[in-house]
Amino acid sequence: MEHVIIDGDWGGDEMQLAAVLLTQPRRANILGATSVFGNASVEHCHRNARNVLALLGRPDIAVYQGASAATSAVKEAEKDGAYGDDGAGGAKLPESTAPATKKSAVDFILETLKNQPEKSVTITVSGPLTNIAQAFASEPDTMRRVKKIIIMGGCTEDIPACDKATRKGNITPYAEFNFYQAPADANTVLQSGLPITLIPMNCSQQLAWDDGLRERVKDKLSGHPQQDAVMQMLSCADFLDELKFGSKQFMHDANCALYAMHPDAYRSSQRAIRVVTEGEKIGMCEVAEEGKRIQVAERITHPTALKLLVSESLSRQLNAALKTR
Ligand SMILES: [Ca+2]
């Protein structure tokens, strides 16, 4: 059984991630969720987290608000508007009526690691790494109790692109969005010596949210009152990925949950990764000769099966939630 904290800049991507875990209740138990700035302000991402979990039938999973900006940001990093101002592509979900929480994301993460048995808690991170970097800075020994941190972020290989010959990022030609938003925090976490698996975008881009999948999900959600909102949330970044990679948007974040449940579906290797923290290539990953090694997932062995698993989990969980309301 995996006991999981989901940390992210919640939007449609995290909805897919959470659905994968929620449909496997005998193998995954979500201890709580934390929000962070990223695709939108932390207030928007926090609200999305609450609303998404309520829509998935689990308003009881508490969400704790996290960082509103990178730890050492000189100026706010540029965004690409991929998910609109609200991080949900303008989709209007019903407001969760779950009680608000007062504890911060960092306090929740640290308390959970102290209260649960050592090496029993997995954290998935699908937004900027600021909450994790701050928790580590505050109590490194507590953070060492974590079983595993599974991170979607960065890019460790050149990827063929449409607007350039190759790219090593989506937000800039060098940097992936999550790492670009908080490069120093990403570097701190990757150098921390904590047990980390990194799923860089050269791996996560193997899962495109393509036409066949979205038709399937749309069909299965026919009659669901939030069908349109869900489809809107999941497809709002198409325009950017089409421009850069000639593809419909990718299911980057779902990989964190898929890896937690099916690590054997990934080929990975041990590497030391450094994140560039200044200059033109800020946010870029460099493979370092020396330094703390982490697990880097490089390939998905059966992408079609995993894509189907995400889409089935999502439609199944959304429909099941509707029946229990
Ligand atoms: Ca995300």
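Residues numbered from 1 in each chain as written. Predicted model: local features only at pLDDT ≥ 70, side-chain atom pairs only at ≥ 80, totals over all residues.

## Digging into unusual backbone geometry
Then, in step 1: You will see that Lys 119, though not glycine, has its phi angle at about 60°, which is positive.
Then, in step 2: Note that Lys 119 resides in the loop between α3 (105-115) and β4 (121-126).
Then, in step 3: Accessibility expressed as a C-beta count within 10 Å gives 13 for Lys 119, which makes it partly exposed. (Helix = DSSP H or I, 4+ residues; strand = E, 2+ residues; numbered from the N terminus. Buried ≥ 20, exposed ≤ 12 C-beta atoms within 10 Å, placed from the backbone.)

## Regarding the sheet that holds strand β3 (residues 63-64)
Then, in step 1: Overall, mixed pairing links the nine strands, which are arranged β3-β2-β1-β4-β5-β8-β11-β9-β10 in an open sheet. Two strands bound the open sheet, and with one partner strand each, they are β3 and β10 (285-288).
Then, in step 2: In the sheet, strand β1 (residues 2-8) pairs with strand β2 (residues 28-35) via seven bridges, with the strands oriented parallel. Bridge pairing links Val 4 to Ile 30 in β2.
Then, in step 3: Across the sheet, helix α1 (residues 12-22) is in contact with β1, β2 and β4; its angle to β1 comes to roughly 175°. (Pairing = 2+ DSSP bridges. Contact = placed C-beta atoms within 7 Å. Axes fitted to C-alpha atoms, helices over the stretch in contact; angles between N-to-C directions.)

## Digging into helix α10 (residues 227-235)
Then, in step 1: Turning to α10, its buried residues are Ala 229, Val 230, Met 233 and Leu 234. One side of α10 carries all its buried residues, which in axial view fall inside an arc of 125°. (Arc of directions from axis to C-beta.)

## Here we look at the nonpolar core
Then, in step 1: Ala 18, Val 20, Leu 56, Ile 132, Ile 151 and Ile 199 are the most contacted members of the largest nonpolar core, which has 98 residues in total.
Then, in step 2: In this view, Ile 132 contacts Asp 7, Ile 123, Val 125, Ile 149 and Val 189; residues no more than four positions away in its chain are not counted. (Core = buried A, V, L, I, M, F, W, Y, C linked by C-beta atoms within 7 Å.)

## Here we look at the packing of α3 against helix α4 (residues 130-138)
Then, in step 1: Contact geometry for α3 and α4: axes closest at 9 Å, N-to-C directions at 60°. With respect to each other, α3 and α4 are oriented oblique. In this structure, α3 meets α4 at a crossing whose hand is right-handed. Facing α3, whose interface residues are Ala 105, Val 106, Ile 109 and Leu 110, α4 presents Asn 131, Gln 134, Ala 135 and Ser 138.
Then, in step 2: Across the contact of α3 with α4, the residue classes tally to five nonpolar, three polar and no charged. (Parallel < 35°, antiparallel > 145°, perpendicular 65-115°, else oblique. Left-handed = near helix turned anticlockwise from the far one by under 90°. Nonpolar A, V, L, I, M, F, W, Y, C, P; charged D, E, K, R; others polar.)

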